[in-house]
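Structural characterization, general
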Amino acid sequence: RRFFASERDERRREATLRLAEVKRAYEAALEGKGLFFMVSQEVKKGIDIRKDPEPGAKAVGDALNPGEVFECDWELEKEDGPRFLHLRDGRGWILEAPVAGADGQNVRRLDLETEMFPMLELGLKEARRDLAEARGARLAE
């Protein structure tokens, strides 16, 4: 016999996971451990995520979009080569600087105090609201 989660159960599960992830990122930021970046708006097609930290490494078929905020857990700078950032969620690596011939930067590091904390606080508020709604309740503003 098979059991299928109801749509409400699935929404509750997704909201719980999102709240846990936002709390984890907030705590990392409080401890000064989070490395948060935003993809440049000038990167029109996004930044390909690579399997390995090598210029010719195979793309995993996913990309970070312009304006997307992401967290890294490791920075790797090759001798006389590009710098790579490892995505904390485990999807792979991205090049910090654009490919040869392109101007500007692919990403910029976000300031914790002025940029990340306000975003994370808003994210916590939204995640709590979403979880309350998935449980059939409403949070008082």
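In this report, the structure presented in the accompanying data block is examined.

What counts and what doesn't
Within any chain, residue numbers begin from 1 and follow the written order of that chain's sequence. Side-chain atom pairs in this predicted model are given and counted only at pLDDT of 80 or more, local residue features only at pLDDT of at least 70, and totals for whole chains, interfaces and linings cover all residues. The side-chain values count all of the structure's non-hydrogen atoms but skip hydrogen atoms and water molecules. The salt bridge criterion pairs a side-chain nitrogen of Lys or Arg with a carboxyl oxygen of Asp or Glu, the two atoms within 4 Å. A run of DSSP states H or I qualifies as a helix once it reaches four residues; a run of E qualifies as a strand once it reaches two. Both are numbered from the N-terminal end. Throughout, a residue-residue contact means that at least one pair of heavy atoms, one from each residue, lies within 4.5 Å. Note on exposure labels: buried denotes an accessible area under 20% of the residue type's maximum, exposed denotes more than 50%, and partly exposed covers the range between, all computed with a 1.4 Å probe on protein chains only. Whenever a nitrogen or oxygen atom comes within 3.5 Å of another N or O atom, the pair is scored as a polar contact, on the condition that within protein one atom can donate a hydrogen and the other can accept it, and that pairs from neighbouring residues in sequence are kept only if both atoms are in side chains. Whenever a helix is involved, its axis is fitted only over the stretch in contact; in every case the axis is a line through C-alpha atoms, and angles between N-to-C directions fall within 0 to 180 degrees. Working rule for angles: under 35 degrees goes down as roughly parallel, over 145 as roughly antiparallel, 65 to 115 as roughly perpendicular, anything else as oblique. Each crossing gets its hand from how the near helix is turned against the far one by less than a right angle, where anticlockwise is left-handed and clockwise is right-handed. Each residue receives one of three labels: charged for Asp, Glu, Lys and Arg, nonpolar for Ala, Val, Leu, Ile, Met, Phe, Trp, Tyr, Cys and Pro, and polar for the others, Gly being one of them. Only buried residues count toward a nonpolar core, which is a set of Ala, Val, Leu, Ile, Met, Phe, Trp, Tyr and Cys residues joined through side-chain atoms within 4.5 Å.

Concerning the pattern of salt bridges
What the rule picks out here adds up to 15 salt bridges. The salt bridge partner of R24 is E21, with a shortest N-O separation of 2.8 Å. You can see R24 and its partner E21 sitting in helix α1 (residues 7-30), three residues apart, about one turn around the helix. In this structure, D89 and R91 form a salt bridge, with 2.7 Å as the shortest nitrogen-oxygen distance.

Quick look at the environment of E54
Within the secondary structure, E54 sits in the loop between β2 (47-50) and β3 (59-64). Distance from E54 to L95, taken between C-alpha atoms, is 8.8 Å for residues 41 residues apart in sequence. Excluding residues that lie within four positions of it along the chain, E54 makes contacts with K78 and F84.

Some thoughts on helix α2 (residues 112-134)
Within α2, the full set of buried residues consists of M116, F117, L120, G123, L124, A127, L131, A132 and A134. At its buried positions, α2 is contacted by α1, β1 (35-39) and β4 (69-77). Between the side-chain oxygen at the start of α2 and the backbone nitrogen of E113 there is a gap of 3.2 Å, and the oxygen is on D111. Remark: G136 follows α2 within two positions and exhibits a positive phi of approximately 90°.

Some points on the packing of α1 against α2
Where α1 meets α2, the axes come as close as 9 Å, and the angle between the chain directions of the two elements is 155°. Judged on the interaxial angle alone, α2 and α1 are roughly antiparallel. Relative to α2, α1 is oriented so that their crossing is left-handed. Classifying every residue of the contact of α1 with α2 gives 14 nonpolar, two polar and ten charged.

Structural notes on the nonpolar core
In this structure, L19, Y26, A29, F36, M116, L120 and L124 are the most contacted members of the largest nonpolar core, which totals 15 residues. Breaking this core down by element, the ones donating at least two residues are α1 and α2. Sort the elements by how many residues they give to this core and α2 lands first, with seven residues. If you look at the next biggest cluster of nonpolar residues, it comprises 13 residues, including L35, I47, F70 and L87.

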